Structure formats: C-alpha cells, structure tokens
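One letter stands for each residue in the lines below.
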Amino acid sequence: MQIFLDTADIGEIRERAAAGLVDGVTTNPSLIAKAGAGIFERIAEICEAVEGPISAEVVATDAEGMIAEGRRLRDIAANVVVKLPLTADGLIACRALSQDGIPTNVTLCFSLNQALLAAKAGASFISPFVGRIEDMGGDGIGLLAAIRDVYDRYGYDTSVLAASLRSPAHVEAAALAGCDAATLPPKIFDQMVRHPLTDSGLEAFLADWRKTGRTGLDG
Ligand code: E4P
C-alpha cells in the first residue's frame, strides 16, 4: 500500500521524505491556507521534494472553472494530480481532465454510489473520508472495503486512497481493506514505526552488550 502525507507543510514533508518511505502527498484548500503559502509555489516545492503523485485541489465550484484551474495546477509539474470535489460538476471536470490524460483525485467521498460515479468518470484516485464518516457514527472502514469489492468486481482501475485517517489503527485497517494508498497526517506517519516493546527490547539488548565492556561491534 502506498503511503501519502496529508499536509502542505514543506518542512514536515522534506523531513519525512528523506527516509524514502513517502510515496506521495495530498493537500486541500484548508491545508494550503494553514501553511500560509501560495498554492502554486507550495505545490511546486512539494513536487520537487517527493517524486510520487501530489494532489492539488481546485477551488472553483463549476465544471468549467474546475477544468481551467485543473489545467493550471497540472502545469506546475508532471507529478501533479488534480483534486476535485465529489459533486456533479466535479465529476464532469473529472471526466474532461481524465480524457485529456490528466490524473485526478476525487475527494470528499462518503458513499459507495459516489465512489462508483467517480470511477465511471475516470478518476485516478477516489478519496473516502474514514474519520469524518466515523465522526457521524458511520462505518468508514466498511466503506473502504465496499469500494474495493465493487471496483474489483466491475474492473475499475481507480485507486482507492483512504483519507481522513486519525490513527495508526486506521492505517492498518485501510491496508487490510485492500486500499491502494492511504494518506495520513505526519503525526500518524511517525506513530506507525513505534511500538513500546521495540523500545524496551532494544534497551535490553544494548544494556546486555554494554555489560561486556564493549561499546561498538569490535570493542
Ligand atoms: C484528504 O485528501 C484530505 O485532505 C484529508 O485526509 C482530510 O482529513 P480530515 O478529515 O482529517 O480533515
């Protein structure tokens, strides 16, 4: 499963990309606004820092405007994916941009029907919002599994990108549901590597080694 970072903070992205484990980045208007940067400059910086797909979201709400913005965003770099909201206009824009060979990420997906329509519109990625569904008492992970099942059953090649993930457990559940990718805040990315038994186990190994009087492997 590909791991994307869900942030527009260039420092946080560069720090984590250095380890080679970040496959892409997703942003949205809220994240760009929080970063306090211009969208064109910031997306360009992110595209340089990470080779994989970088989602940049339109802010127009009509199909024509979304298509025009999508083309401008795509012109920033070859790895830009145009992010579009899951509205009727968003699907028209998705279809038009996809037909032009521009990769798309259809976002704000909360139902199987929406995911089905996005796939029919040629979306490269569908982004179901797990955390926000759970906030409303729904089954976000169940939606991921249902989309995976329907896409496989009917042969859609839209990638399932689990979004709005709030915990490392969500990441594991997305992987078990067969998602192609998951996007997560840097904090959750950092938490994925940690386990208390890893820390205590390593401490014990090194304490035993120090008891021999050796500091490194040789002495
Ligand atoms: C995904 O593309 C979105 O930017 C993001 O995952 C939304 O997450 P939130 O519900 O935590 O804002």
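Right above here is the structure, for reference.
Along each chain, numbering runs from 1 in the same order as the chain's sequence is written. Whole-chain, interface and lining totals are the exception, using all residues; otherwise, since this is a predicted model, local features are given only for residues with pLDDT of at least 70 and side-chain atom pairs are given and counted only at 80 or more. Computation of side-chain values covers all heavy atoms of the structure but excludes hydrogens and water.

Student: Before we move on, can you summarise helix α4 (residues 63-74) with the specific residues and values?
Tutor: Secondary structure is summarised from DSSP: a helix means a run of H or I of at least four residues, a strand means a run of E of at least two, and numbering begins at the N terminus for each. Multiply 1.5 Å by the residue count of a helix minus one, and that product is the helix's expected span. With twelve residues, α4 ought to run about 16 Å at 1.5 Å a step, and its terminal C-alpha atoms sit 16 Å apart, in line with that. Buried within α4 we find A63, G65, M66, I67, G70 and L73. A contact between two residues is defined here by any heavy atoms of the two lying within 4.5 Å. Here the buried face of α4 lies against α3 (39-49), β3 (54-57), β4 (80-85) and α5 (88-99). Buried means the residue's accessible area, taken with a 1.4 Å probe over protein chains only, is under 20% of the maximum for its type, while exposed means over 50%, and partly exposed covers the values in between.

Student: Please set out the pairing of strand β5 (residues 104-109) residue by residue, giving values where relevant.
Tutor: With five of its six residues buried, β5 lies for the most part within the structure. Paired strands, as defined in this entry, are two strands with at least two bridges between them according to DSSP. Relative to β5, β4 runs parallel, the two being bridged by four bridges. Within β5, the residue paired with K83 across the bridge is N105. Between the parallel pair β4 and β5, the chain is carried across by α5, and the sense of this crossover is right-handed. With three bridges joining them, β5 and strand β6 (residues 125-128) adopt parallel strand pairing. Bridged to V106 within β6 is I126. When the strands point away from the viewer, a crossover counts as right-handed if the route from the first strand across the helix to the second turns clockwise. Following the chain from β5 across helix α6 (residues 112-120) to the adjacent parallel β6, one finds a crossover that is right-handed.

Student: Could you give an account of the packing of aromatic side chains, naming the residues involved and the relevant values?
Tutor: Only centres within 6.5 Å qualify two rings of Phe, Tyr or Trp (six-membered ring in Trp) as a pair; their planes then separate them into stacked at under 30 degrees, edge-to-face at over 60, and tilted for everything else. Taken as a whole and assessed by the stated rule, the structure comprises three aromatic pairs. Ring geometry for F4 against F125: centres 5.9 Å apart, planes inclined by 70 degrees, an arrangement best described as edge-to-face. Linking F4 in strand β1 (residues 2-6) with F125 in strand β6, this pair joins segments that are 121 residues apart in sequence. For the pair formed by F4 and F125, the shared burial category is buried.

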